[in-house]
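So the chains spell out like this:
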Amino acid sequence: MRVIFKTLRWILHVITYSIKLFMPLLPILRYPDPRLKKVAKRVEKFDDSIRRLAADMAETMYEAPGIGLAATQVDVHLRVIVIDVSETRDQLLVLVNPELVESDGLQVCEEGCLSVPGIYDKVERAEYVTVRYFDAEGQEQSIEADGLLAVCLQHEMDHLDGRVFVEHLSQLKQSRIKAKLAKQSRITA
Ligand code: K1U
Ligand code: ZN
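Criteria and thresholds
- Residues take numbers from 1 onward in each chain, read along the sequence in its written order.
- The naming scheme follows written order: chains are lettered A onward, ligands numbered 1 onward.
- Since the coordinates come from a predicted model, pLDDT governs what is reported: local features require at least 70, and pairs of side-chain atoms require 80 or more to be given and counted, while whole-chain, interface and lining totals use all residues.
- For the side-chain quantities, the full set of heavy atoms in the structure was used; hydrogens and water were omitted.
- In this description a helix means any DSSP run of H or I spanning at least four residues, a strand means any run of E spanning at least two, and both kinds are numbered starting from the N terminus.
- Helix span is expected to be 1.5 Å times the residue number reduced by one.
- Categorising residues by exposure relies on relative accessible area from a 1.4 Å probe, with only protein chains included: less than 20% of the type maximum marks a residue as buried, more than 50% marks it as exposed, and the intermediate range marks it as partly exposed.
- Whether two residues are in contact is decided by their heavy atoms, any of which lying within 4.5 Å being enough.
- Two aromatic rings from Phe, Tyr or Trp, using only the six-membered ring of Trp, form a pair when their centres are within 6.5 Å; if the ring planes differ by under 30 degrees the pair is stacked, by over 60 it is edge-to-face, and anything between is tilted.
- Working convention for charge: Lys and Arg count positive, Asp and Glu count negative, and His plus the chain ends are omitted.
- The rule for a salt bridge is simple: a side-chain nitrogen of Lys or Arg has to be within 4 Å of a carboxyl oxygen of Asp or Glu.
- Metal sites are built from N, O and S donor atoms within 2.8 Å, or 3.2 Å for Na, K and Ca, and they leave out water, so they may look incomplete.

1. Quick notes on helix 2 (residues 48-63)
Its 16 residues give helix 2 an end-to-end C-alpha distance of 22 Å, which sits within 8% of 22 Å, the value for a rise of 1.5 Å per residue. Taken as a whole, helix 2 has its buried residues at Ile50, Leu53, Ala54, Asp56, Met57, Ala58, Thr60 and Met61. On its buried face, helix 2 sits against strand 1 (68-70), strand 2 (80-83) and strand 3 (93-104).

The following block contains the structure:
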């Protein structure tokens, strides 16, 4: 009897561990959840809670997998984003209170969003951006970016202002996307 009980406990442990392995650490809000529209507040105190949030967001982003994540998407309305566009997935950027200080040119890039699963579409963004921000230790930094990093910075900063990339698309496309996502959630419910 004890052996059976121990085996069952071990099986349960393996199942729980496997589920955890494939699940993002923090639940990600799905469009059109109204909480994605909230404007995030500036971080005033750089304490351990901010570093913990950034670490949990990074883990969630890597597990999803994604190349960026904004705190808004995990229902935390503070101006914190994490980004890693490297192929090696080892160049994590944590940006607190990011501000666009310069932008130039235009580029059109196919975007996706962890809050809008399965939807990809072209969006026009600035080609070059300079972003001033604070790192997790509260040190002021600045980053100049082009290509995918520039797109990702603009996409994540949009989230902090309550904007999702699909809002750059036509009303017709937005309605179709909402209908598709509603159908998806009816199927998975
Ligand atoms: O904000 C988010 O939801 C993350 C989003 C960021 C982004 C993607 C594409 C263009 C602009 C911004 C994603 O990461 S969607 C997933 C994705 O693009 C991806 C996932 C794995 C490997 C490579 C890309
Ligand atoms: Zn997104």
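2. A few points about the packing of aromatic side chains
Each aromatic ring pair is characterised by the separation of its centres together with the angle its planes make. This structure, assessed with the given rule, holds one aromatic pair. Relative to Phe134, the ring of Phe46 has its centre 5.8 Å away and its plane inclined at 50°; by these criteria the two rings are tilted. On the criterion of sequence distance, the pair formed by Phe46 in the loop between helix 1 (2-22) and helix 2 and Phe134 in strand 6 (residues 128-134) is long-range, its members being 88 residues apart. Phe46 sits in the partly exposed class, given a relative accessible area of 24%.

3. A short note on the side chain of Asp135
Within the secondary structure layout, Asp135 lies in the loop between strand 6 and strand 7 (140-146). Here Asp135 sits buried without a salt bridge, and the closest side chain of opposite charge, Arg51, lies 7.3 Å off (N-O distance). Other than its neighbours up to four places away in sequence, Asp135 contacts Phe46, Val94, Val96 and Gln141.

4. Some remarks on the coordination of the zinc ion (ligand 2)
Ligation of the zinc ion (ligand 2) by protein atoms is provided by Cys113 (SG), His155 (NE2) and His159 (NE2), these donors lying 2.1 to 2.3 Å from the ion. Sequence positions of the donors to the zinc ion (ligand 2) reduce to the motif C-x41-H-x3-H. Linking Cys113 in the loop between strand 4 (107-111) and strand 5 (121-125) with His159 in helix 3 (residues 147-160), this pair joins segments that are 46 residues apart in sequence. Under the relative-accessibility criterion, Cys113 is labelled buried at 9%.

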